[in-house]
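Fold and contact review
The lines below spell out each chain.
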Amino acid sequence: MPRVVVGVSGALGSPAVLSRGAAEARVRDAELWVVMAWQAPGGELGSRSACNVSALAQCRTAVVERLREVLDEAFGTQGPAAALAGLTVRGTPGAALVDTARASDDLLVVGSGSRSPLRRLVRPSVARYCLAHAACPVLVVPSSPLHADLDAVHRRNLWHLPLDTRELTP
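What comes next is a walk through the structure.

Turning our eyes to something else, we now look at the sheet that holds strand S5 (residues 138-141). Overall, parallel pairing links the five strands, which are arranged S3-S2-S1-S4-S5 in an open sheet. Each end of this open sheet is capped by a strand with a single partner; those strands are strand S3 (84-90) and S5. On average, adjacent strands in this sheet sit at an angle of 25 degrees to one another, irrespective of strand direction. Where strand S1 (residues 3-7) meets strand S2 (residues 31-38), five bridges bridge the pair, whose relative direction is parallel. Paired with valine 6 across the bridge in S2 is valine 34. Against the sheet, helix H3 (residues 53-75) contacts S2 and S3, and its axis sits at roughly 140 degrees relative to S2.

As structure tokens, this is what we get:
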């Protein structure tokens, strides 16, 4: 059976990506696999010592709980109109998604992420990684214009810039 693999992070764009993935799963009569990738605290070097076994278990539990919250926020109690599977994968987001969506009849759905130059420098684009490495079609869902406005407000607050009320009206 074909699958629609949706990558979520719990960020503001996750509900839009999930709803688009659910719509694609309904149209294709496919299973909906929602994947949240996670990494060990301190990176892979931090997970090599034996004293961090409980930290790994706590991290895994927190990620599973966050995935449940994201699914509840997106679908509520009724759920999507497709077979749903939630999956947490330890690894970098791009590699985890590409490894999960291995079949050629799968569809991989990801968000476009932030476009700010600083974030692109610090955090590589998951969407670009998936487009370059996936063996299946990749659908990149752009972020909402409201998300861009919210990012602009956060930047304004970070730099303590005054708010111009003329910008609030169209």
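Let us now look at the nonpolar core. Counting 24 residues, the largest nonpolar core has Val4, Val6, Val8, Leu18, Leu32, Val34 and Val109 as the members making the most contacts within it. Counting residues per element, this core draws most heavily on H3, at seven residues. Those residues in contact with valine 4 that lie beyond four places of it in its chain are Gly21, Glu24, Ala25, Arg28, Ala30, Glu31, Leu32, Trp33, Leu107 and Val109. Judged by nonpolar contacts, the second largest core, of 12 residues, contains Val98, Ala127, Cys130 and Cys136.

Procedures and definitions
Residues numbered from 1 in each chain as written. Predicted model: local features only at pLDDT ≥ 70, side-chain atom pairs only at ≥ 80, totals over all residues. Heavy atoms only, no water. Pairing = 2+ DSSP bridges. Helix = DSSP H or I, 4+ residues; strand = E, 2+ residues; numbered from the N terminus. Axes fitted to C-alpha atoms, helices over the stretch in contact; angles between N-to-C directions. Contact = heavy atoms within 4.5 Å. Core = buried A, V, L, I, M, F, W, Y, C linked by side-chain atoms within 4.5 Å. Buried < 20%, exposed > 50% of the residue type's maximum accessible area, 1.4 Å probe, protein only.

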